[in-house]
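# Close look at the chain arrangement
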Amino acid sequence: MLIDVWYNLLNTLPFEWAHYVFMKNALLAVLLVTPLFALMGTMVVSNRMVFFTDVLGHSALTGIAIGVLLGFQDPALPMLLLAVLLSVGVNLLKNMTRASMDTILGVLFAFIVALGIVVLSRRGGFAKYTGYLIGDILTVTPAQIGWLLAIAAAVMVYWFAAGNAMIFTSISSSLARSRKVNTFWVETSFTVLLALVVILSIRLAGILIINSLLVLPAAAARNISRNMRAYTAWAVLISLFSGISGLIVSFYWGTASGATIVLFAAACYAVSALFGAGKNR
Amino acid sequence: MLNTCEHCCTRVEDLTVKLGSNVILSRVNLHVNCGEVVGVVGPNGAGKTTLLRTLMGEMPYQGRISFRVGGNPSQTPKIGYVPQKLHLEKGAPVSVADLVASAVTRRPVWAGIDGSTAGRVKEVLSLFSAEHLVKRKVGDLSGGELQRVLLAIAMTPAPDLLLLDEPASGVDAKGLALFYRIVRGLRQTHDISVVLVTHDLAGIYSYVDRMVLLNRGVIAEGRPQEVLADGKLVEVFGAALWNISCLPAIVKDKGKGGDNAD
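All values reported here derive from a predicted model rather than from experimental measurement.

Calculation notes
- Residues numbered from 1 in each chain as written.
- Chains lettered and ligands numbered in written order.
- Predicted model: local features only at pLDDT ≥ 70, side-chain atom pairs only at ≥ 80, totals over all residues.
- Pairing = 2+ DSSP bridges.
- Helix = DSSP H or I, 4+ residues; strand = E, 2+ residues; numbered from the N terminus.
- Axes fitted to C-alpha atoms, helices over the stretch in contact; angles between N-to-C directions.
- Parallel < 35°, antiparallel > 145°, perpendicular 65-115°, else oblique.
- Left-handed = near helix turned anticlockwise from the far one by under 90°.
- Contact = placed C-beta atoms within 7 Å.
- Nonpolar A, V, L, I, M, F, W, Y, C, P; charged D, E, K, R; others polar.

### Here's the deal with the pairing of strand β2 (residues 22-32) of chain B
All names here are of chain B. Taken together, the 7 bridges between strand β1 (residues 8-19) and β2 define a ladder with antiparallel strand orientation. Directly across from R11, in β2, lies its bridge partner H31. Hairpin connection of β1 to β2: 2 residues between the antiparallel strands, including G20 at a positive phi of 65°.

Next up, the structure:
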């Protein structure tokens, strides 16, 4: 098995953390998920979709609730379906109205969170689900890593096929359409991929902080990049750095890994903001 | 003399565009010939941008829009479009090279721009006096610089119909004159027709072959001098909007009927 090659490789490292299977799995997940988040994040930030991804993350609560109501053992399927439905719906709405999506998303956010909490808190049972709020990357299984690998491959295919179309779509949809770009298709595929990435990693990253993991590396990269290549490369590097450092430090501190990773990413953002401000002066 | 619809032309007949119960354009007729620069002027809310969006196939309409390309009827002419503004913040990490490279190659620019693409990008930009902007961020360009870069993109590949949406907004007089000169120059090098919409009556006066005064419908149409001489112009724009220093000179000039600058 490929995973055994990875385990044996880490056994050669002279660190305590590298000898636990849960850390080996977690590190592999981090190496896979953080570049993926960085890529998606660059477009989320460029297209001002930060609030939307927060809504997507929180829709997991409602997805779980629907799963509970319908008697699903594993809420993954209802979570995924709801998030995909939400992505397509919001995208349709965005194309139909020329009004700001801010308020619409705000209303949606309030509704889905409230609905999720009401269903899950029946008879005082919400405590069972707090794990989803904080997430736990240490519980990741090789099977979940397999799923993440599949979605990462899909994102890479999309990034190669639609990379330039995305730039035009993001700066002017009319300009994009004049260049025969199918903007609806470009945007819808992106939001559906985003929904898949968010929901497939929600168990690892947690509802409360998944958005920070998406947004911070791209936001930091934006401060110090002059072009798309630098933007993408810096976002991936910052995301990988925060992910690996946060995971290892959380092992020694005994803290939640996701939140520790976010702290590292936030520190990167602060440094990049200072550096960017210095350069522009 | 202008070509008479030999290569490309756009014909709009009885065009009506409604948004709900709101009539934005009503029974518009327009014919743009190959090699012609047509300026559509009108006050804010006259339906100028809607006209462009309808030509681009973005709006449902009643009436008929037909294109000819290479002398033959075409459903899908190549349209070059220069938008009025971009959704791009100052400092956003998109360079001029990124944007132009996205137009000349399918290879994604986030993976880097290879040598031959970089050469193509410079070549394209140099045709529009913009090669020195290649490394600048698009969001940091001045209005005039941005217009030239967007024009370079709209002309790559060369379209049959070029649509310019309010090129005057945020551009200083010198930048605008350069931009309009480049646009007129395109007629010599390409089989192309140009429609530009603007509220900047004075700016386009000497650069367009024909002027169309639009206020939901076509109010007046003809050579710039004829449209300026038409009393309907003041009716539509309102005397208060005539605060443009060079307009008195233009209006005085209108009787002479001289040729446009080229």
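### Section: the packing of helix α2 (residues 96-104) of chain B against helix α4 (residues 143-154) of chain B
All names here are of chain B. At a closest axis distance of 9 Å, the pairing of α2 and α4 adopts a crossing angle of 15°. In terms of axis orientation, α2 runs roughly parallel to α4. The chirality of how α2 crosses α4 is right-handed. In this structure, α2 contributes V96, L99, V100 and A103 to the contact, and α4 contributes V149, A152 and I153. Across the contact of α2 with α4, the residue classes break down as 7 nonpolar, no polar and no charged.

### Considerations on the packing of helix α11 (residues 210-224) of chain A against helix α12 (residues 228-253) of chain A
All names here are of chain A. Where α11 contacts α12, the two axes come as close as 8 Å, and the packing angle between them is 135°. In terms of axis orientation, α11 runs oblique to α12. For the pair α11 and α12, the crossing hand works out as right-handed. Residue-level contacts link P217, A218, A220, A221, R222 and I224 of α11 to Y231, W234, A235, I238, S239 and S242 of α12. Here the contact of α11 with α12 is built from residues that sort into 9 nonpolar, 2 polar and 1 charged.

### Considering the sheet that holds β2 of chain B
Residues and elements named next belong to chain B. Strand order in this open sheet of 4 strands is β2-β1-β4-β5, and the pairing throughout is antiparallel. Looking along the sheet, the strands with just one partner apiece sit at the ends: β2 and β5 (72-74). Averaged over neighbouring strand pairs, the angle between their axes works out to 25° when direction is ignored.

### Considerations on the interface of chain A and chain B
Contacts between the two partners involve 23 residues from chain A and, on the opposite side, 25 residues from chain B. For the side of chain A that touches chain B, the secondary-structure elements that each account for two or more residues are α7 (142-171), α8 (173-178) and α12 of chain A. Element by element, the count of residues in the side of chain A that touches chain B is highest for α7 of chain A, at 8 residues. Residue classes in the side of chain A that touches chain B are distributed as 9 nonpolar, 10 polar and 4 charged.

### What about the sheet that holds strand β7 (residues 161-165) of chain B?
All names here are of chain B. The strand order β6-β7-β8-β3-β9-β10 describes an open sheet built from 6 strands, whose pairing is mixed. Two strands bound the open sheet, and with one partner strand each, they are β6 (79-82) and β10 (217-222). With strand direction ignored, the average angle separating the axes of adjacent strands in the sheet is 20°. Pairing between strand β3 (residues 37-41) and strand β9 (residues 210-215): 4 bridges, direction parallel. Residue V40 lies in a different strand from β9, and its bridge partner there is V212. Its contacts with the sheet place α4 against β6 and β7, and it is angled at close to 165° to β6.

### A closer look at unusual backbone geometry
Residue and element names in this part refer to chain B. Across the junction of T156 and P157, the peptide omega takes the value -5°, indicating a cis bond. Inspection of the secondary structure assignment puts P157 in the loop between α4 and β7. Phi is positive for S129, which is not a glycine, with a value near 50°. With respect to the helices and strands, the residue S129 is situated in the loop between α3 (115-126) and α4. Although it is not a glycine, R216 adopts a positive phi angle of roughly 70°. Here R216 lies in the loop between β9 and β10.

Limitation: the analysis is restricted to geometry and does not speak to function.
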